[in-house]
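Chains, contacts and geometry: an overview
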Amino acid sequence: MKRAATPVMVHWPNGRSTPVPPGSDWLQAAAAAGQAIPTGCLGGSCGACEIEVNGRVVRACIATVPAARSGDLRVELASDPYW
């Protein structure tokens, strides 16, 4: 029997913190927390949905919430001056 992964606490740019199970879709987790993440193609090629998760840039439309040893993930909206 496989155990469910322990949720990680995600700290959003809007000041909210929510528990999110690893493997969850970033866009859905953000929407549930009231945090808007800009999107474009929804296929990972345009980069409009880039976020920084603990300093690492990921594309929210194709990435999932990772497990975190510390139990916490801090999300920042990435900014591209050319987008």
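Residues numbered from 1 in each chain as written. Predicted model: local features only at pLDDT ≥ 70, side-chain atom pairs only at ≥ 80, totals over all residues. Heavy atoms only, no water.

Right, let's get into the overall build of the protein chain. When its secondary structure is counted, the protein chain shows one helix and five strands. Of the regular secondary structure in the protein chain, the N- to C-terminal order runs β-β-α-β-β-β. Looking at the protein chain residue by residue over its 83 residues, the buried ones come to 30%. Entry remark: accessible area of the protein chain is about 5400 Å², with carbon and sulfur atoms responsible for 52%. (Helix = DSSP H or I, 4+ residues; strand = E, 2+ residues; numbered from the N terminus. Buried < 20%, exposed > 50% of the residue type's maximum accessible area, 1.4 Å probe, protein only. Areas by Shrake-Rupley, 256 points an atom, 1.4 Å probe, with all protein chains shown as cover.)

Turning to the nonpolar core, a few remarks are in order. Counting 19 residues, the largest nonpolar core has V10, W12, W26, I51, V53, L73 and V75 as its most contacted members. Contributions of two or more residues to this core are made by β1 (8–11), α1 (26–32), β3 (50–53) and β5 (72–77). Among the elements that take part in this core, α1 stands out by supplying three residues, more than any other. Once residues lying within four places of it in the same chain are set aside, the contact partners of V10 are R16, S17, T18, V20, W26, L73 and V75. (Core = buried A, V, L, I, M, F, W, Y, C linked by side-chain atoms within 4.5 Å. Contact = heavy atoms within 4.5 Å.)

Relative to β5, β1 runs parallel, the two sharing three bridges. When the sheet's bridge partners are listed, V10 is paired in β5 with L73. Pairing of β3 with β5, which is carried by three bridges, proceeds in the antiparallel orientation. Looking at the pairing, V53 lines up with V75 of β5. (Pairing = 2+ DSSP bridges.)

This next bit is on the environment of V65. Locating V65 in the fold gives a position in the loop between β4 (56–59) and β5. When its relative accessible area of 2% is taken as the criterion, V65 is described as buried. Counting along the chain gives 40 residues from V65 to D25, while the straight-line C-alpha distance between them is 6.4 Å. Sequence-distant contacts of V65, that is, excluding residues within four places in its chain, are made with V8, V20, P21, P22, G23, S24, W26 and L73.

Any link to function would need more than the numbers given here.
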